[in-house]
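Results of the structural survey
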Number of protein chains: 2
Amino acid sequence: MTTRRSYNQYCGLASALNVLGERWTLLIIRELLMGPRRYSELLSDLPGLGTNLLSERLKFLVENEVVRQTDVQGTGFRLSYELTETGLRLRPAVLSLARWGMEFVDEVAETDVVRAHWGFLAVEAMIDTARVGAVGESYEFRVEGEIFHIDVADGKARAVKGPASNPAMVAVTDATTFVRIGSGRLTPLAAMVTGKLSLEGGIDAVLRCCELLGLEAGPAQTAAAGVAHRV
Amino acid sequence: MTTRRSYNQYCGLASALNVLGERWTLLIIRELLMGPRRYSELLSDLPGLGTNLLSERLKFLVENEVVRQTDVQGTGFRLSYELTETGLRLRPAVLSLARWGMEFVDEVAETDVVRAHWGFLAVEAMIDTARVGAVGESYEFRVEGEIFHIDVADGKARAVKGPASNPAMVAVTDATTFVRIGSGRLTPLAAMVTGKLSLEGGIDAVLRCCELLGLEAGPAQTAAAGVAHRV
DNA sequence: CTGCATCCGCCTCGATACTG
DNA sequence: CAGTATCGAGGCGGATGCAG
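In this text the structure is predicted, and so the values were computed from the model without any measurement.

Each value, and the rule that gives it
- Residues numbered from 1 in each chain as written.
- Chains lettered and ligands numbered in written order.
- Predicted model: local features only at pLDDT ≥ 70, side-chain atom pairs only at ≥ 80, totals over all residues.
- Heavy atoms only, no water.
- Helix = DSSP H or I, 4+ residues; strand = E, 2+ residues; numbered from the N terminus.
- Buried < 20%, exposed > 50% of the residue type's maximum accessible area, 1.4 Å probe, protein only.
- Contact = heavy atoms within 4.5 Å.
- Areas by Shrake-Rupley, 256 points an atom, 1.4 Å probe, with all protein chains shown as cover.
- Lys, Arg positive; Asp, Glu negative; His and termini not counted.
- Charge placed at Lys NZ, Arg CZ, Asp CG, Glu CD.
- pLDDT = per-residue confidence, 0-100.
- Buried area = accessible area lost by both parts, 1.4 Å probe.
- Salt bridge = Lys/Arg side-chain N within 4 Å of Asp/Glu carboxyl O.
- Polar contact = N/O pair within 3.5 Å; in protein donor to acceptor, adjacent residues only side chain to side chain.
- Near = heavy atom within 4 Å.
- Pairing = 2+ DSSP bridges.
- Axes fitted to C-alpha atoms, helices over the stretch in contact; angles between N-to-C directions.
- Least-squares fit on C-alpha atoms with pLDDT ≥ 70 in both.
- Parallel < 35°, antiparallel > 145°, perpendicular 65-115°, else oblique.
- Nonpolar A, V, L, I, M, F, W, Y, C, P; charged D, E, K, R; others polar.
- Phe/Tyr/Trp six-rings, centres within 6.5 Å; stacked < 30°, edge-to-face > 60°.
- Lys NZ or Arg CZ within 6 Å of the ring centre and 35° of its normal.

Points about the overall build of chain A
In terms of regular secondary structure, chain A is built from 11 helices and 7 strands. Its C-alpha atoms give chain A principal-axis dimensions of about 60 × 40 × 40 Å. For chain A, buried positions account for 49% of its 231 residues. Considering only contacts in chain A between residues 6 or more positions apart, those separated by 24 or more positions represent 60%. Split by element, the accessible area of chain A, about 10800 Å² in all, is 50% carbon and sulfur. In chain A, 24 positive and 28 negative side-chain charges are present, and the distance between their average locations comes to 4 Å.

Next comes the structure, spelled out in structure tokens:
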């Protein structure tokens, strides 16, 4: 029953894919990278995934100690699923894949699903560690109710859930616009002009944030900054 | 015909998996990360992969501009497949997955396949960029005829095919032993005792190389070094 | 011989229905 | 809410065919 198909290769990548390679598995991991989830939450955030497959995937991941289930009490109520230490170590690999896939994100289709909390992972994936500036500041993002921010300090940048204490920039937008900007199909400037994005904060902070995320602010960087400080 | 199954999610990871997520695809990418390959070479290095699937995967990857076909000569007879710029950008993601999967590498089974050139990718994945020392030197590896080395210079380490010009250490072993060491199931010291691994070079260089690859040389680091300088 | 295409049995996937 | 049971459609894997 637990015997699954294997690549039968004595190699790290093949072993990783023996665990993660089947359909939906890495998307389940993505969800759990943003915190523990209940069974029904996973089902509703991953449309197209059948309940039998979710059940089977979770069971398999638990067996392989990538995911664990946490009970509230000993009552047998299985409350939620969360990543183990091993599972959490997948973060760089998942972010790296997500970053690569950004350029394959097509224009949004009728049937496409978007979730606001995916923006968190998108931002984390977009952070260009080579372009972290010397300044220490935070940029806050509010995507359809989901709030998170980037903290830049000590030459490192990290994505954190929740609001920033004293953000140098605040961006408010919807999930679709967020992904379109991230995929390069829309510039922040263009999004602001159409009212899909609002930015608060200083010109310099906005430009540094765009730089950090590898975004061109718009047709002319200075033009974008000019708009930004008026909003 | 070319319409394939899609996750229908407006997200970088889902888009990446729409291209790479099907069975065998990432293993084909792994092969091509180590240079252009002919169709028949891919078939023989990926046992279990049917010829129809290989054909289909390659066609799909070419359509998505991850892989391109090149004629060896102008004859059009002998084709080889190689990664495009987009495909080459998968290197960090593949290495990251390979690194994660190392701990899932079980003891080698009867049915398991090993290829010497996989050692190259394994070494590249194991390099711990946080532990690159200040010294500039090279470590050479000879795995069943495949020769490659790590160059450490300017605080960076990179894996290179071919022999090193003036290696501070030379390791000779077989592919299975190589992977067993990489997965932590065997220490370099233990491998040397059983004659599966031979090391040449100074004590310090060997220890620095182990440090760089995140390996414990053996039960006692100094003991391993003691053996190393006698070989 | 290389580089595929075709055919076929089987297993996985995905949707729906059902149970505690 | 959290799964299990069932079943048709399609992807997978092996064998075979075939053209350059």
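Now that the structure has been shown, the text picks up again.
Observations concerning the confidence of the model for chain A
The share of residues in chain A with pLDDT of 70 or more is 90%, and the mean pLDDT across the chain is 90. Across chain A, the secondary-structure element scoring lowest on mean pLDDT is helix α11 (residues 221-228) of chain A, at 52, and the one scoring highest is helix α5 (residues 85-88) of chain A, at 98.

Examining the interface of chain A and chain B
Taken residue by residue, the interface counts 52 residues in chain A and 52 residues in chain B. Between chain A and chain B, roughly 4600 Å² of surface is buried when both sides are summed, and carbon and sulfur atoms account for 66% of that area. Summed over the shared surface of chain A and chain B, the number is 2 salt bridges. Put simply, B:E103 and A:R89 hold a salt bridge, and the shortest N to O gap is 2.3 Å. Linking chain A to chain B there are 18 residue pairs in polar contact (both at pLDDT 80 or more).

Quick word on the protein's contact with DNA strand C
Taken together, 20 residues lie around DNA strand C, and A:R23, A:W24, A:N52, A:R57 and B:Y81 are the ones closest in. Within the side chain of A:W24, one N or O atom sits 2.7 Å away from a phosphate oxygen of DNA strand C. Within the contact set of DNA strand C, a phosphate oxygen lies 3.0 Å away from a backbone nitrogen or oxygen of A:G48. Breaking the surface near DNA strand C down by element, the ones donating at least two residues are α4 (51-63) of chain A together with α3 (39-45), α4 (51-63) and β2 (79-83) of chain B.

Quick look at the sheet that holds strand β4 (residues 146-153) of chain B
Two modes of strand pairing occur in sheets, parallel and antiparallel, and in both the strands are linked by backbone hydrogen bonds. Residues and elements named next belong to chain B. Strand order in this open sheet of 5 strands is β5-β4-β3-β6-β7, and the pairing throughout is mixed. The sheet is open, and its two edges are formed by β5 (156-161) and β7 (197-201), each paired on a single side. Averaged over all neighbouring strand pairs, the angle between strand axes comes to 15°, with direction disregarded. When β4 meets β5, the two strands line up antiparallel, connected through 6 bridges.

Side note on the sheet that holds strand β3 (residues 137-143) of chain A
Residues and elements named next belong to chain A. Reading across the sheet, the 5 strands line up as β5-β4-β3-β6-β7 and stay open at both edges, with mixed pairing between neighbours. Looking at the sheet topology across the chains shown, the edges are occupied by β5 (156-161) and β7 (197-201). Adjacent strand axes in the sheet meet at a mean angle of 15°, parallel and antiparallel pairs treated alike. Here β3 pairs with strand β4 (residues 146-153) via 7 bridges, running antiparallel. Counted as the bridge partner of R142 is I147 from β4.

Thoughts on the relation of the copies chain A and chain B
For the match of chain A to chain B, the screw axis carries a shift of 0.0 Å, the RMSD comes to 0.2 Å, and the turn is 180°. Those values place the two copies in the arrangement expected of a two-fold rotation axis. For chain A, the minimum C-alpha distance to the rotation axis belongs to A:A93 and amounts to 2.7 Å. When the interface residues of chain A are mapped onto chain B, 100% of them again fall at the interface, so both copies present the same face.

Describing the pattern of salt bridges
Two side chains bearing opposite charge may form a pair once their charged atoms approach each other closely. Across all of its chains, the model carries 30 salt bridges over all chains by this definition. As a salt-bridge pair, A:R68 and A:E82 come within 2.8 Å of each other at their nearest N and O atoms. Of this pair, A:R68 sits in strand β1 (residues 67-71) while A:E82 sits in strand β2 (residues 78-83), and the two are 14 residues apart along the sequence. Overall, A:R68 belongs to the partly exposed group, its relative accessible area being 32%. Here B:R131 makes a salt bridge to B:D128, at a shortest N to O gap of 3.4 Å. Look at B:D128 and you get buried, because its relative accessible area is 17%. Within this structure, A:R30, A:E31, A:R37, A:D45 and A:R115 form a network of salt bridges that share partners.

Quick notes on the packing of helix α6 (residues 91-101) of chain A against helix α7 (residues 118-126) of chain A
When two helices pack together, you describe them by how their axes are tilted relative to each other and by the distance separating the axes. Residues and elements named next belong to chain A. At a minimum axis separation of 9 Å, α6 and α7 run at an interaxial angle of 90°. Taken together, the axes of α6 and α7 lie roughly perpendicular to each other. Where α6 approaches α7, its residues R91, V94, L95, A98 and R99 are matched on the opposing element by L121, E124, A125 and M126. Taken together, the residues that form the contact of α6 with α7 break down as 6 nonpolar, no polar and 3 charged.

Here's the deal with the packing of helix α2 (residues 25-33) of chain B against α4(B)
Residue and element names in this part refer to chain B. One can describe the packing of α2 onto α4 by two numbers: an axis separation of 10 Å at closest approach and a directional angle of 75°. The orientation of α2 with respect to α4, classified from their angle, is roughly perpendicular. Where α2 abuts α4, its residues T25, I28 and I29 lie against L54, R57, L58 and L61. Across the contact of α2 with α4, the residue classes break down as 5 nonpolar, 1 polar and 1 charged.

Focus on the packing of aromatic side chains
Throughout the structure, instances matching the rule amount to 12 aromatic pairs over all chains. An angle of 85° between the planes, with centres 5.9 Å apart, marks the rings of B:F141 and B:F178 as edge-to-face. With B:F141 in strand β3 (residues 137-143) and B:F178 in helix α8 (residues 175-182), this residue pair connects regions lying 37 residues apart in the sequence. Residues B:F141 and B:F178 agree in their burial class; the two are buried. Seen in terms of ring centroids, B:F148 and B:F178 are 6.1 Å apart; in terms of plane orientation they differ by 80°. Their pairing is edge-to-face. In this pair, B:F148 is assigned in strand β4 and B:F178 in helix α8, connecting sequence segments 30 residues apart. The same class applies to B:F148 as to B:F178, namely buried. Through pairs of rings, three or more aromatic residues link up here, namely A:F120, A:F141, A:F148 and A:F178. Over the ring of B:Y7 we find A:R23, and its NZ or CZ is 4.3 Å from the ring centre.

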